[in-house]
Structures are given as structure tokens and as C-alpha cells.
Amino acid sequence: MQVKTIMIVGAGQMGSGIAQVAAQADFKVILADINEQYLSRALEGLKRQLERNVERGRLSAEAKERILANITPTIDLDVAATADFIIEAATENLEVKKGIFIELDQVAPTHAILASNTSSISITKLASYTKRPASVIGMHFFNPVPLMQLVEVVKGLATSNEVVKHTKQLAEILGKTPVEINDAPGFAVNRMLIPMINEAVFCLMEGVATAEAIDTTMRLGANHPMGPLALADLVGLDVCLSIMEVLHRDLGDDKYRPCPLLRQMVAAGYLGRKVGRGFYTYDR
Ligand SMILES: NC(=O)c1ccc[n+]([C@@H]2O[C@H](COP(=O)([O-])OP(=O)(O)OC[C@H]3O[C@@H](n4cnc5c(N)ncnc54)[C@H](O)[C@@H]3O)[C@@H](O)[C@H]2O)c1
């Protein structure tokens, strides 16, 4: 299958990043969101970031113009009729994604692959909302998309091997390293990473050590580039909690019980870097 046009649904943090790498690889990119305002914000953010890259000598001014010219914004999902590969990166909410998949299934060409960048929703479930479950797959990018190397290619129960092959090929063309994963709660990275963060919060709550000491142990003792509590602040404590809740609910094992201190921090609105306070405080 030859992919010429990629549609990204959802122009938030992840959608804009995916649009950037796809446009950089010279695909025609359609970037969709629910209103013009979100689209302009995404495109302005992208333009600023590309300009910074030009100033630092990492990108030519022509390449910047070419990338921006490859992206067409839209609020009309029907444009999916012109796309070969669609990557849904909308808000992490089952009802929102269900609506999008039902609509995409009706308008996308029969050869099109429908991928989701979801972090925690079952690909098998999203596929069940369509009449083409064999063409539905997970394509889980990491944040920030232009920098992070991994893409988890998530095979739902009905996903065909052909669709897995095309998705891995596309990830490679985008300069990423695809790793094939079978659909399971949290896929692979979050299944391991978020329980580690949760355990670090338990250590803090139980007074095993201070936040700084916990982070230092993992940086210097396990060679992690960042300690788990600092990482939780970066990911967002609300995001960590919701992934732990998915693991706990879907795997049905109490070893995934969210730490009460994590729940408390989220209840207090201490969500991490994005609000200036989490396990650490930040200037905003
Ligand atoms: N942020 C991360 O670190 C990260 C990492 C990997 C995967 N993800 C996943 O990527 C997806 C997007 O996350 P994000 O952080 O970019 O969220 P975000 O809130 O920054 O962006 C979501 C965008 O989707 C748009 N949207 C909502 N409903 C829509 C609809 N019906 N049609 C079109 N657009 C719609 C919103 O207006 C918003 O612009 C989620 O599924 C999330 O789990 C996030």
C-alpha cells in the first residue's frame, strides 16, 4: 500500500507532533480538530518550534516552509475520504474516540488504515466500533513526538498482519523504531513505567526516603536519566493516576492499586509541571 496522505485527528500536544514528523517526511498531512481556534493554536505552536530550529541551524528556512505547506488544517472529518492512513490522537476518552472511529469508518476509503495513538484504551474495543476491525491498529507515539524514538505498534485481536506490516513501515519512514505489541492494558511501556512511578510514590508516602533521595537512587543506582517522581511531574500526576486505574481495573490485580498519596495529590490539583506544582515546584 502506498501512503500519500496522512490524516491526524486531534491537534493537541501529540497530534501536532505527529503532524510535524509526517510533514517533515514529505507526506501530505490533514490535521483535524473540533474548532478553528485549536487548529490555529496548534499551527502557531508548530511554526514557532520550527522557527527555533531554523535559528539554531537545525533546519533550513526552505524546509520549514515545506513542512508547513504540507499541513492542511480542517474541522471536517469527511476529508478522511482523501486519506490513506489516519491516526487518531484526540482526547483520551472512550466516548470521544468511539464517535471518531464510527465516523471515520463511514468516510475513509476502504484501503485506509485507522490507527489510534491512545495510551490506555483497548485497540480491540476501538476496532469493534467499525466494520473493518482488521484495519484498526494502535500507533502509540511518545512525547515529545519529534524527539522520542519509539512507536508501540499495537495489534488488536482482529488486526491483520498486513496492517501491522504497513504500520511498522510507516513508523520507520517517519524515522521511528516500531515495536510490535499485542493489545493489553497499558501496552508495554506504561505497564512497566507507571507501576514503577506508583511504587516510588508509595516509598515517599511510607517515609522510605525524601522525594529528592528517591529520585537520586534511581538516577544513580539504576542509571535512569530522570527520577520517577520528577518523571511523574513531567507526565502529569492525573495521567499517571488514570493509567494506574486502567491497569487496576482491567488486569484485576491489587498489585496495580494506585497509591493513596497519588490520589491525594491529584485531588489537591498538584498535577506536576503543567500547573507548577507536583512532587516538586516549578517556575511557570
Ligand atoms: N500527552 C502524552 O504524553 C501522550 C503520550 C502518548 C499518547 N498520548 C495519547 O494521545 C492522545 C492525545 O493526547 P494529547 O496529550 O495530545 O491531548 P490534548 O488534550 O493535548 O489534545 C487532544 C486534542 O483532541 C481534540 N479533540 C477532542 N475531540 C475531538 C474530536 N471529536 N475530533 C477531533 N479532535 C478532537 C481536542 O480539541 C484537542 O485539541 C490521547 O489518546 C493520549 O492518551 C498522549
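Structure: above.
These numbers come from a predicted model, not from an experiment. (Residues numbered from 1 in each chain as written. Predicted model: local features only at pLDDT ≥ 70, side-chain atom pairs only at ≥ 80, totals over all residues.)

1. Points about the pairing of strand 5 (residues 113–116)
Thought 1: Across the two faces of strand 5 the burial is the same, with Ile113 and Ala115 and Leu114 and Ser116 all buried.
Thought 2: With four bridges connecting them, strand 4 (residues 85–88) and strand 5 associate as parallel partners. Across the sheet, residue Ile86 finds its bridge partner in strand 5, namely Leu114.
Thought 3: Each parallel crossover has a hand, and for strand 4 linked through helix 4 (residues 94–107) to strand 5 it is right-handed.
Thought 4: When strand 5 meets strand 6 (residues 136–141), the two strands line up parallel, connected through three bridges. Paired with Ala115 across the strands is Ile137, a residue of strand 6.
Thought 5: A crossover links strand 5 with its parallel partner strand 6, the connecting element being helix 5 (residues 123–128), and its sense is right-handed. (Buried ≥ 20, exposed ≤ 12 C-beta atoms within 10 Å, placed from the backbone. Helix = DSSP H or I, 4+ residues; strand = E, 2+ residues; numbered from the N terminus. Pairing = 2+ DSSP bridges. Right-handed = clockwise from strand over helix to strand, strands pointing away.)

2. Concerning the sheet that holds strand 2 (residues 28–32)
Thought 1: The eight strands are arranged 3-2-1-4-5-6-7-8 in an open sheet whose pairing can be described as mixed. Each having just a single partner strand, strand 3 (71–74) and strand 8 (177–182) make up the two edges of the open sheet. Across the sheet, the axes of successive neighbouring strands diverge by a mean angle of 25°, strand direction being ignored.
Thought 2: Summarising the sheet, strand 7 (residues 150–155) and strand 8 pair through six bridges and their orientation is parallel. Counterpart to Val154 in the pairing with strand 8 is Ile181.
Thought 3: Sheet strands in contact with helix 6 (residues 161–173) are strand 4, strand 5, strand 6, strand 7 and strand 8, and its direction is about 170° off that of strand 7. (Axes fitted to C-alpha atoms, helices over the stretch in contact; angles between N-to-C directions. Contact = placed C-beta atoms within 7 Å.)

3. A word on unusual backbone geometry
Thought 1: Between Asn143 and the following residue, Pro144, the backbone shows a cis peptide bond with an omega angle of 0°.
Thought 2: Within the secondary structure, Pro144 is located in the loop between strand 6 and strand 7.
Thought 3: For Asp26, which is not glycine, the phi dihedral falls at a positive 70°.
Thought 4: Along the chain, Asp26 falls in the loop between helix 1 (13–24) and strand 2.
Thought 5: Here the phi dihedral of Phe187 falls at roughly 50°; this positive angle occurs in a residue that is not glycine.

4. Considerations on the packing of helix 2 (residues 36–55) against helix 3 (residues 61–69)
Thought 1: Where helix 2 meets helix 3, the axes come as close as 9 Å, and the angle between the chain directions of the two elements is 165°. As summarised for this structure, helix 2 and helix 3 are arranged roughly antiparallel, according to the angle between their axes. The interaxial crossing formed by helix 2 with helix 3 has right-handed handedness. Together, Lys47, Leu50, Glu51 and Val54 of helix 2 and Ala61, Lys64, Ile67 and Leu68 of helix 3 make up the contact between the two elements. (Parallel < 35°, antiparallel > 145°, perpendicular 65-115°, else oblique. Left-handed = near helix turned anticlockwise from the far one by under 90°.)

5. Comments concerning helix 1
Thought 1: With 12 residues, helix 1 should reach 16 Å at 1.5 Å per residue; the first-to-last C-alpha distance of 17 Å fits that figure.
Thought 2: Turning to helix 1, its buried residues are Met14, Gly15, Ser16, Gly17, Ile18, Ala19, Gln20, Val21, Ala22 and Ala23.
Thought 3: Looking one or two places after helix 1, you find Asp26, whose phi comes out positive at around 70°. (Expected span 1.5 Å × (residues − 1).)

6. Observations regarding the nonpolar core
Thought 1: One finds Ile8, Ile18, Val29, Leu31 and Ile86 to be the most contacted residues of the largest nonpolar core, which totals 54 residues.
Thought 2: Of the residues forming this core, the biggest block, six residues, is contributed by helix 1.
Thought 3: Aside from chain neighbours lying at most four places away, what touches Ile18 is Ile8, Ile87, Ala89, Asn117, Phe141 and Val145.
Thought 4: The next biggest cluster of nonpolar side chains, apart from the first, holds 27 residues, and it includes Ile197, Ala232, Met244 and Leu247. (Core = buried A, V, L, I, M, F, W, Y, C linked by C-beta atoms within 7 Å.)

7. Considerations on the site of the ligand
Thought 1: Neighbouring the ligand are 24 residues; Gly10, Gly12, Met14, Ser119 and Asn143 lie closest to it.
Thought 2: Broken down by secondary-structure element, the contributors of at least two residues to the shell around the ligand are helix 1, helix 4 and strand 6.
Thought 3: Counting residues per element, the shell around the ligand draws most heavily on helix 1, which supplies three residues.
Thought 4: In terms of residue class, the shell around the ligand is built from 12 nonpolar, 10 polar and two charged. (Near = placed C-beta within 6 Å. Nonpolar A, V, L, I, M, F, W, Y, C, P; charged D, E, K, R; others polar.)

8. Remarks on helix 6
Thought 1: The terminal C-alpha atoms of helix 6 lie 18 Å apart, and with 13 residues this matches the ideal 18 Å at 1.5 Å per residue to within 8%.
Thought 2: Buried within helix 6 we find Val163, His166, Thr167, Leu170 and Ala171. Taken end-on, helix 6 shows its buried residues confined to a sector of 140°, consistent with a single buried face. Residues of helix 6 that are exposed and point more than 90 degrees away from the buried face comprise Asn161, Glu162 and Glu172. (Arc of directions from axis to C-beta.)

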